[in-house]
Amino acid sequence: MEVLEPSLQMWFTFAIIAVGIFFYILDKFPMEITSLGIISSLLVLFHAMPLTGADGELLLNTKMLLSGFADPALITILALLVVGHGMVETGALDSPVKVLVRLGNDYPITILVLSLITVMVISAFLNNTPVVVIFIPIMITLVENLGKSPSLYLMPLSFVAILGGMTTLIGSSTNLLVAGSYESIGGDALGFFDFAVPGLFLATIGFLYVLFIAPRILPSDRSSSNTEMQITGKQFIVQIDLTDGNSLIGKKAVAGMFPTLAGLTVQMINRGTECFLPPFDDITLEKGDQIVIATTRKSLTEKITKDPMLLADVKNQPLVDLDDDADQKTTLSRGQTLVEVIVAPKSRLDGRTLAQAGFVLQGGCKILGVQRRSRMNRTSLNDIRIEANDTLLVLGNQNQIQSLRLNNDVMLLEWSVKEIPIMADMWKALGIFLGVVVLASGGLMPIAIAATLGAFAMIITGCLNVRKAAHAIDRNIFMLIGAALAMGTSLQMTGGASYLAMAMLDLLDGASTMVVLSAFFLLIAFLTNILSNNATAVLFTPIAVNVAQELGVDPFIFITVVIFAANCSFATPMGYQTNLLVLAPGNYKFSDFLKVGVPLILLLWICYTFFAPWYFGI
């Protein structure tokens, strides 16, 4: 088979891609800097050395190299990140996750395995991108509540979705593209389950690897959610004053506890000069009572979200709006934020009681609770004297929180800033999310349009503000996918991918069908992690037919190789959309995908090399 004549531009393209991947792996520079360097190098290369066709027409220009930044795949990923962030911020998945967590406490491994199996099965029949979007927040919350790092399971989540997608005709857009391309050049139409048996074989092998081996390779102590785990683990002493409108007034203790405050530890109740300690038998809460509780931020936030009147009129700052003529509960004030601050050395608060401070910090933030490393006596919060290095739990709106950054008395812990979710926003976010999934998976809209519409709806309905939506967009993903598409376009237009294929086949001239099949699989699996998998599928389908005809075997055998190998996009984050979706939540590096993805590709390659000749009888 004749090898295509290489060009100088093609060799330079190879060099730029190789250097770029080297710097990605080296991880000495931020990923976005490396991506920008790749794009800049390709722009300079094809400006200084234009790539022209036989008729002198320019084949590759600046617009084509930068088109990745307007690619529907990129827009889809960024929009889905905004939608997913809206789900997390509003706590829309808290209820179903709690069910999983309760089961997970008793059967943690079983729940994780069932979740991954569910994703793999669904991905065989639906677009796997929205499936992964659904399960990312579920998996994050589940593994954190089980005391594990999300980085252990988010990459496996992406991988099982890809593995499930290679088992049926509609499991992946790659499969459909190969089938369409094969049919357009005279091949038979592929049926829904025509390659299901070898696909299930590879998916099973891959699933076992993802379940038992991948978690041993992945980092167990690196996650963008680790700070959240720190936030939720601290115990604060919080005092609730039962003033007018508080929902606790009239609640009666049952078996020595208050069901309304389940999950919070009630330490004491002050009523005038009386003090009640647990167990609280036959006590009904009254107006004017002071309840001292020990709680974490997570538990307190959940209670406030479900019952906005729990802290009503807290230190004369209601969390809800009340009707003029009735103490009726309406909605939680939007923008109320819980943060943690550390009392600075030589602070004016040092030595003062919380009552003397008026439970208010300079700027208007209200002090809800206090936490210190040394043990505190069981006492009213009014009498606790503030000490340097105490951590205060405070509440305020955005302007009040901003004032804390200029407050010399306290040091704001920036990672602790988190708004209290509003129940109405939970339902709106859930409705928007389900709408995106239905529109995309049902084929009613392209996923890019559905995702963009969902991101807009999240902002316009108040589930997210513009600042939070912008925060959800990861610049690493933006630059990485732009660089990946620029590399893929350059490799295609210069003939680099075809050159590698023809060179390999020329090298293997005279080899057995099994050897050619194996080498063909490995080459496509390598290129699909640099080119897009769809581009790889379209490029190699006609090559596969030609190779099969020269070897005198059924072209379907090599068509299935293209399908399976083009789906082996495990080695790079830009290899597939679901990899990009888990990149930021798992706080992965480029090298993490290589360490886990390359062994998986090699495993699938070896297994298929021995399975295909037996299955197809060649």
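Predicted model only: the values in this text are computed from it and were never measured. (Residues numbered from 1 in each chain as written. Predicted model: local features only at pLDDT ≥ 70, side-chain atom pairs only at ≥ 80, totals over all residues. Heavy atoms only, no water.)

**A look at the overall build of the protein**
Thought 1: The secondary structure content of the protein amounts to 24 helices and 13 strands.
Thought 2: Across the 618 residues of the protein, 55% fall into the buried class.
Thought 3: Taking contacts inside the protein between residues at least 6 apart in sequence as the whole, the part at least 24 apart equals 76%.
Thought 4: Accessible surface for the protein amounts to roughly 26400 Å². Of this, 60% is attributable to carbon and sulfur atoms. (Helix = DSSP H or I, 4+ residues; strand = E, 2+ residues; numbered from the N terminus. Buried < 20%, exposed > 50% of the residue type's maximum accessible area, 1.4 Å probe, protein only. Contact = heavy atoms within 4.5 Å. Areas by Shrake-Rupley, 256 points an atom, 1.4 Å probe, with all protein chains shown as cover.)

**A look at the packing of aromatic side chains**
Working definition: an aromatic ring pair is given by the centre-to-centre distance plus the angle between the planes.
Thought 1: For the structure shown, the criterion picks out 16 aromatic pairs.
Thought 2: Ring centres 5.7 Å apart and planes at 40 degrees place the aromatic pair Phe-258 and Phe-280 in the tilted group. Of this pair, Phe-258 sits in the loop between strand 3 (236-241) and strand 4 (265-271) while Phe-280 is found in the loop between strand 5 (274-276) and strand 6 (290-295), placing the two residues 22 residues apart along the sequence. Taken individually, Phe-258 and Phe-280 each receive the classification buried, so the pair is uniform in this respect.
Thought 3: With a centroid separation of 5.9 Å and 70 degrees between ring planes, the pair formed by Phe-520 and Phe-540 is classed as edge-to-face. Remark: Phe-540 occurs in helix 21 (residues 533-551) and Phe-520 occurs in helix 20 (residues 513-527); sequence separation between them is 20 residues. (Phe/Tyr/Trp six-rings, centres within 6.5 Å; stacked < 30°, edge-to-face > 60°.)

**Thoughts on the pattern of salt bridges**
Thought 1: For the coordinates displayed, the defined rule picks out six salt bridges.
Thought 2: The partner of Asp-244 in a salt bridge is Lys-287, with the nearest N and O atoms 2.7 Å apart. Residue Asp-244 is found in the loop between strand 3 and strand 4, and its partner Lys-287 is found in the loop between strand 5 and strand 6; the two are separated by 43 residues along the sequence.
Thought 3: The exposure class assigned to Asp-244 is partly exposed, which follows from its relative accessible area of 42%.
Thought 4: Lys-287 gets classed as exposed once you look at its relative accessible area, which sits at 55%. (Salt bridge = Lys/Arg side-chain N within 4 Å of Asp/Glu carboxyl O.)

**Details of the packing of helix 21 against helix 22 (residues 555-566)**
Thought 1: Between helix 21 and helix 22, whose axes approach to 8 Å, the crossing angle comes to 155 degrees. Regarding the angle of helix 21 to helix 22, the classification is roughly antiparallel. Of the two possible hands of crossing, helix 21 and helix 22 adopt the one that is right-handed. Residues Asn-533, Ala-537, Phe-540, Thr-541, Ala-544, Val-545, Val-547, Ala-548 and Leu-551 of helix 21 touch helix 22, and the partners they reach there are Pro-555, Phe-558, Ile-559, Val-562 and Ala-566. (Axes fitted to C-alpha atoms, helices over the stretch in contact; angles between N-to-C directions. Parallel < 35°, antiparallel > 145°, perpendicular 65-115°, else oblique. Left-handed = near helix turned anticlockwise from the far one by under 90°.)

**Re the packing of helix 1 (residues 8-26) against helix 2 (residues 31-48)**
Thought 1: It is at 10 Å that the axes of helix 1 and helix 2 come closest, and there the two elements cross at 170 degrees. Considered as vectors, helix 1 and helix 2 are oriented roughly antiparallel to each other. Residues Gln-9, Phe-12, Thr-13, Ile-16, Gly-20, Phe-23 and Tyr-24 of helix 1 touch helix 2, and the partners they reach there are Met-31, Thr-34, Ser-35, Ile-38, Ser-41, Leu-42, Leu-45 and Phe-46.
Thought 2: In the contact of helix 1 with helix 2, the residues fall into nine nonpolar, six polar and no charged. (Nonpolar A, V, L, I, M, F, W, Y, C, P; charged D, E, K, R; others polar.)

**Notes on unusual backbone geometry**
Thought 1: Note the cis peptide between Pro-278 and Pro-279, where omega equals 0 degrees.
Thought 2: Its location among the elements puts Pro-279 in the loop between strand 5 and strand 6.
Thought 3: Backbone geometry places Asp-282, a non-glycine residue, at a positive phi of 55 degrees.
Thought 4: Inspection of the secondary structure assignment puts Asp-282 in the loop between strand 5 and strand 6.
Thought 5: Given the relative accessible area of 69%, Asp-282 is considered exposed.
Thought 6: The backbone of Phe-359 shows a phi angle near 55 degrees, a positive value even though the residue is not glycine.
Thought 7: Along the polypeptide, Phe-359 turns up in the loop between strand 9 (337-343) and strand 10 (366-371).
Thought 8: Residue classification places Phe-359 among the buried positions, given a relative accessible area of 6%.

**As for a nonpolar patch on the surface**
Thought 1: Among the surface-exposed residues, Leu-114, Ile-117, Val-121, Phe-125, Ile-170, Leu-176 and Phe-193 lie close enough to one another that they form a single nonpolar patch of about 610 Å² accessible area.
Thought 2: Ranked by the residues each element gives to the nonpolar patch, the list is headed by helix 6 (residues 108-123), at three residues.
Thought 3: Relative to the helices and strands, Phe-125 resides in the loop between helix 6 and helix 7 (128-145). (Patch = residues over 30% accessible without salt bridge, like charges linked within 9 Å, V, L, I, M, F, W, Y side chains within 5 Å.)

**Remarks on helix 9 (residues 173-184)**
Thought 1: Relative to the 16 Å expected for twelve residues at 1.5 Å per residue, helix 9 spans 16 Å between its end C-alpha atoms, a close match to the ideal helical length.
Thought 2: On the buried face of helix 9, the contacting elements are helix 8 (154-165), helix 21 and helix 22. (Expected span 1.5 Å × (residues − 1).)

**Focus on empty space enclosed by the protein**
Thought 1: Applying the stated rule across the entire model yields one cavity of 30 Å³ or more.
Thought 2: Here the largest cavity is characterised by a volume of approximately 30 Å³.
Thought 3: Along the walls of the largest cavity sit Leu-80, Val-83, Pro-130, Val-133, Phe-433, Val-436 and Val-437, which together make up its complete lining.
Thought 4: For the lining of the largest cavity, the secondary-structure elements that each account for two or more residues are helix 4 (72-90), helix 7 and helix 15 (423-441).
Thought 5: Sorting elements by how many residues they give to the lining of the largest cavity places helix 15 first, with three residues.
Thought 6: A per-class count over the lining of the largest cavity returns seven nonpolar, no polar and no charged. (1 Å grid on protein atoms, 1.4 Å probe; cavity = no way out; pocket = protein on both sides within 12 Å on 5 of 7 lines; lining within 4 Å. Points joined across faces, edges and corners; volume = space filled by probe spheres on them.)

**A few points about helix 8**
Thought 1: Taking 1.5 Å per residue, twelve residues should reach 16 Å; helix 8 reaches 17 Å between its end C-alpha atoms and fits that length.
Thought 2: Helix 8 sits mainly inside the fold: twelve of its twelve residues count as buried.
Thought 3: Listed as buried for helix 8 are Leu-154, Met-155, Pro-156, Leu-157, Ser-158, Phe-159, Val-160, Ala-161, Ile-162, Leu-163, Gly-164 and Gly-165.

**With respect to the confidence of the model for the protein**
One rule of thumb: low pLDDT means the predicted coordinates there are not for detailed reading.
Thought 1: Per-residue confidence for the protein gives a mean pLDDT of 81, with 88% of residues at or over 70.
Thought 2: Element-level mean pLDDT values for the protein span from 40 in strand 7 (residues 320-322) up to 95 in helix 10 (residues 196-212).
Thought 3: In this model, residues 223-232 is a region of pLDDT below 50 whose contacts with residues beyond four sequence positions or in other chains number 23 contacts. (pLDDT = per-residue confidence, 0-100.)

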